[in-house]
Number of protein chains: 2
Amino acid sequence: MIIKIEPQSDIPIYTQLTNQIIEGIAKGEIQAGESLPSVRSFAADLGVNMHTVNKSYHQLEAKGIIKIIPKSGAVISSPTQSIDTVSQRMSGALRSIIAEALVSGLEREQIQELVSSIMNDLNKKE
Amino acid sequence: MIIKIEPQSDIPIYTQLTNQIIEGIAKGEIQAGESLPSVRSFAADLGVNMHTVNKSYHQLEAKGIIKIIPKSGAVISSPTQSIDTVSQRMSGALRSIIAEALVSGLEREQIQELVSSIMNDLNKKE
DNA sequence: AAAACTGTTCTATATACTCTATAACAATTA
DNA sequence: TAATTGTTATAGAGTATATAGAACAGTTTT
């Protein structure tokens, strides 16, 4: 899994890391049951602070995507939350983006196609 | 158009305002050519600072959604950006959310339905 | 023409967030 | 036993958010 951090981005480093780990899982590059690197080694690889990686792991745990086992490691979880819970959380995030897309002149079909192409891209198990 | 600001949210007030104005435009509650309230009167209505509203307006202008005419007002624009430009910008924002939805166990069809239901809801001209 | 209002700009303050840097602890692992 | 693990604590620098007040020049209204 290739992680690219852009320090100058307005997106916090720990969120960039969280997003890219999620993408890695979606692509199947990491699977449920497997472990993420330790916060120290991962931080060294990325050239960032240990606490930054730690914050990302806790962000992933809050989303129910990994399980942090104290003194041991961070393990990818199988989906556990109910569909309704996930849908509700996703809906709030999607709403603003879709509204902006509509206002910016995108047609409904174009938005659906955009979503499809993204899902296709995320299904590539590299 | 009803604006609800949650001061305790982790989303900045000016972004909350930006998103809800965009939703208002998407719903047709405000149309292209019409003006937004002045930063001072809007701030007074919402109970926030003038500069917070001003920042929201500039955020909307950066997205190409309004045009700020100095000493005059903020006018809703008609979509002007190319489809490719908008698609590219939306794609980046959508990617993280869709990846999380997939990892959280949502099926492709369920995500498409979620997008559809959001677009239906945004089309209600209240 | 005068008054009110417009977005803009400037300074200032308080709070919170981000990121880095050390250090130490207790439990797991090699 | 030694190394590694996540955790916790403190500290500092830099940035972001939000508020507040003031002043300016152009626009709009009266």
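Novice: Is there a simple way to explain the overall build of chain A in this structure?
Specialist: The helix and strand tally for chain A stands at five helices and three strands. When the elements of chain A are put in sequence order from the N terminus, they spell out α-β-α-α-β-β-α-α. Along the first, second and third principal axes, the C-alpha atoms of chain A reach 50 × 35 × 30 Å. Put simply, of all contacts in chain A between residues at least 6 apart along the chain, 48% involve residues at least 24 apart. Taken as a whole, chain A presents about 7000 Å² of accessible surface, with 49% of it coming from carbon and sulfur. With 12 positive and 14 negative side-chain charges, chain A shows a separation of 9 Å between the mean positions of the two kinds.

Novice: What's the story with unusual backbone geometry in this structure? I'm lost.
Specialist: What you tend to see is this: most non-glycine residues have negative phi, and most peptide bonds are trans. Residues and elements named next belong to chain A. Of note, Lys 71 is a non-glycine position whose phi angle comes to about 65°, a positive value. Structurally, Lys 71 can be placed in the loop between β2 (66-69) and β3 (73-76). Residue Lys 71 is classed as exposed on the basis of its relative accessible area, which comes to 87%.

Novice: When you look at helix α2 (residues 39-46) of chain B in this model, what are you seeing that I'm missing?
Specialist: Each α-helix turn comprises 3.6 residues. Residues three or four places apart therefore point the same way. Residues and elements named next belong to chain B. Listed in full, the buried residues belonging to α2 are Val 39, Phe 42 and Ala 43. The arc enclosing the buried residues of α2, seen along the axis, measures out at 100°, which places them on a common side. Facing away from the buried side of α2 by over 90 degrees, the exposed positions are Arg 40, Ala 44 and Asp 45. Turning to α2, the residues buried within the fold contact α1 (13-26) and α3 (50-62).

Novice: So what exactly am I meant to see when it comes to the protein's contact with DNA strand C here?
Specialist: Taken together, 22 residues surround DNA strand C, and among them A:Ile13, A:Tyr14, A:His51, A:Thr52 and B:Lys71 come closest. Within 4 Å of the protein, atoms of DNA strand C come from sugar and phosphate in 61% of cases. One of the backbone N or O atoms of A:Ile13 is found 2.5 Å from a phosphate oxygen in DNA strand C. Residue A:Lys71 places a main-chain N or O atom 3.4 Å away from a sugar or linking oxygen belonging to DNA strand C.

Novice: When you look at the packing of helix α1 (residues 13-26) of chain A against helix α3 (residues 50-62) of chain A in this model, what are you seeing that I'm missing?
Specialist: A pair of packed helices can be characterised by two numbers: the angle between their axes and the separation between those axes. All names here are of chain A. Axis separation between α1 and α3 bottoms out at 8 Å; the angle between their running directions is 50°. One way to sum up the angle between α1 and α3 is to call them oblique. Once α1 is placed against α3, the crossing between them reads as right-handed. Two secondary-structure elements touch here, α1 through Ile 13, Tyr 14, Thr 15, Leu 17, Thr 18, Ile 21 and Ile 22 and α3 through Thr 52, Val 53, Lys 55, Ser 56, Tyr 57, Gln 59 and Leu 60. When the residues that make up the contact of α1 with α3 are grouped by side-chain class, the tally is eight nonpolar, five polar and one charged.

Novice: Just to check I follow, could you spell out the pattern of salt bridges for this structure?
Specialist: Counting across every chain of the model gives eight salt bridges over all chains. A salt bridge links B:Arg95 to A:Asp121; the nearest nitrogen and oxygen atoms lie 2.7 Å apart. Taken together, the residues span two chains, with B:Arg95 in helix α4 (residues 83-103) and A:Asp121 in helix α5 (residues 108-122). A network of salt bridges, in which partner residues are shared, links A:Glu23, A:Asp121 and B:Arg95.

Novice: I'm lost on the confidence of the model for chain A in this one. Help?
Specialist: Detailed reading of the predicted coordinates is not advisable wherever pLDDT is low. In the predicted model, chain A carries a mean pLDDT of 95, and the fraction of residues at 70 or more is 98%. β3(A) is the least confidently modelled element of chain A, averaging 95 in pLDDT, while α1(A) averages 98, the highest of any element.

Novice: In this structure, what is going on with the sheet that holds β2(A)? I would like to understand it.
Specialist: For sheets, the rule is that strands pair by backbone hydrogen bonds, running either parallel or antiparallel. Residue and element names in this part refer to chain A. If you trace the three strands from one edge of the open sheet to the other, you get β1-β3-β2, paired in antiparallel fashion. Among the strands making up the open sheet, the edge pair consists of β1 (35-36) and β2. Here β1 runs beside β3; their pairing, made up of two bridges, is antiparallel. In the sheet register, Leu 36 faces β3, and the bridge partner there is Ala 74. Contacts between α3 and the sheet are confined to β1, β2 and β3, with β2 contributing the most and set at about 125° to the helix.

Novice: It is not clear to me how the interface of chain B and chain A should be interpreted in this structure. Could you clarify?
Specialist: Buried accessible area, meaning the area lost when the parts come together, often serves as the stated size of an interface. Listed by partner, the interface residues are 43 residues for chain B and 43 residues for chain A. Taking both partners together, chain B and chain A bury about 4400 Å²; carbon and sulfur atoms supply 67% of that area. Inspection of the chain B/chain A interface yields eight salt bridges. Applying the counting criterion to the chain B and chain A interface returns 14 residue pairs in polar contact (both at pLDDT 80 or more). Mapped by element, the contributors of at least two residues to the side of chain B that touches chain A are α1, α4 and α5 (108-122) of chain B. Looking at which element gives the most residues to the side of chain B that touches chain A, the answer is α4(B), with 17 residues. Of the residues belonging to the side of chain B that touches chain A, the class tally is 23 nonpolar, 12 polar and eight charged.

Rules behind the numbers
Residues numbered from 1 in each chain as written. Chains lettered and ligands numbered in written order. Predicted model: local features only at pLDDT ≥ 70, side-chain atom pairs only at ≥ 80, totals over all residues. Heavy atoms only, no water. Helix = DSSP H or I, 4+ residues; strand = E, 2+ residues; numbered from the N terminus. Contact = heavy atoms within 4.5 Å. Areas by Shrake-Rupley, 256 points an atom, 1.4 Å probe, with all protein chains shown as cover. Lys, Arg positive; Asp, Glu negative; His and termini not counted. Charge placed at Lys NZ, Arg CZ, Asp CG, Glu CD. Buried < 20%, exposed > 50% of the residue type's maximum accessible area, 1.4 Å probe, protein only. Arc of directions from axis to C-beta. Near = heavy atom within 4 Å. Polar contact = N/O pair within 3.5 Å; in protein donor to acceptor, adjacent residues only side chain to side chain. Axes fitted to C-alpha atoms, helices over the stretch in contact; angles between N-to-C directions. Parallel < 35°, antiparallel > 145°, perpendicular 65-115°, else oblique. Left-handed = near helix turned anticlockwise from the far one by under 90°. Nonpolar A, V, L, I, M, F, W, Y, C, P; charged D, E, K, R; others polar. Salt bridge = Lys/Arg side-chain N within 4 Å of Asp/Glu carboxyl O. pLDDT = per-residue confidence, 0-100. Pairing = 2+ DSSP bridges. Buried area = accessible area lost by both parts, 1.4 Å probe.

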